[in-house]
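Here's the letter readout for the chains.
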Amino acid sequence: MTVNHASVLTKDYFIPYLKLIMNSRDYTLKQAKEFAFDFFFKGDKDRYGTSTCLQFEKAIKEIDKIMCEIEVCS
């Protein structure tokens, strides 16, 4: 995957990315977050700038919220 260092990746970019990790590796959200941090960010949260990192965190919160809603409804 090519990433343009000049642009900010959005929450809408990271949601499917994290879901793909979770589904393909059968990971929890926590495991997917750790994997993405190590693999995508190479362990450096500011690798693509603080705005991209904030969007990554927003995506995690959004997925967590959706998962909690699903669990409550089940």
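Quantities reported herein were computed from a predicted structural model and do not represent experimental measurements. Along each chain, residue indices are assigned from 1 in the same order as the chain's sequence is written. Per-residue local features of the predicted model are confined to residues with pLDDT of at least 70, and side-chain atom pairs are confined, for both listing and counting, to 80 or more; whole-chain, interface and lining totals are unaffected and use all residues. Excluded from the side-chain calculations are hydrogens and water; all other atoms, namely the structure's heavy atoms, are used.

A. Molecular detail of the side chain of Gln 55. Where helices and strands are cited, they refer to DSSP runs of H or I of at least four residues and of E of at least two residues respectively, numbered from the N terminus. Turning to its location among the elements, Gln 55 is positioned in helix H3 (residues 50–73). Apart from residues lying up to four places away in sequence, Gln 55 is in contact with Val 8, Leu 9, Thr 10, Lys 11 and Phe 14. Between two residues, a contact is recorded if the distance between any of their heavy atoms is within 4.5 Å.

B. Up close: the nonpolar core. The definition of a nonpolar core used throughout is a set of buried Ala, Val, Leu, Ile, Met, Phe, Trp, Tyr and Cys residues joined through side-chain atoms within 4.5 Å. Only protein chains enter the accessibility calculation, which uses a 1.4 Å probe. A residue is then buried if its area is under 20% of the maximum for its type, exposed if over 50%, and partly exposed in between. The biggest cluster of nonpolar side chains holds 18 residues, and the ones touching the most others in it are Phe 14, Leu 18, Phe 40 and Phe 56. Counting only elements with at least two residues in this core, the list comes to helix H1 (11–25), helix H2 (29–39) and H3. Examining the composition of this core, we find that 6 residues originate from one element, H1, more than from any other. Sequence-distant contacts of Phe 14, that is, excluding residues within four places in its chain, are made with Leu 9, Phe 40, Phe 41, Thr 52, Gln 55, Phe 56 and Ala 59.

C. Representation of the pattern of salt bridges in the model. Note on definitions: salt bridges are taken to be side-chain nitrogens of Lys or Arg within 4 Å of carboxyl oxygens of Asp or Glu. Counting across every chain of the model gives 3 salt bridges. As a salt-bridge pair, Lys 11 and Glu 62 come within 3.9 Å of each other at their nearest N and O atoms. Pair noted here: Lys 11 is in helix H1 and Glu 62 is in helix H3, with a separation of 51 residues, a long-range link. On the accessibility criterion, Lys 11 (26% relative accessible area) is partly exposed. Using a relative accessible area of 26% as the deciding quantity, one classes Glu 62 as partly exposed.

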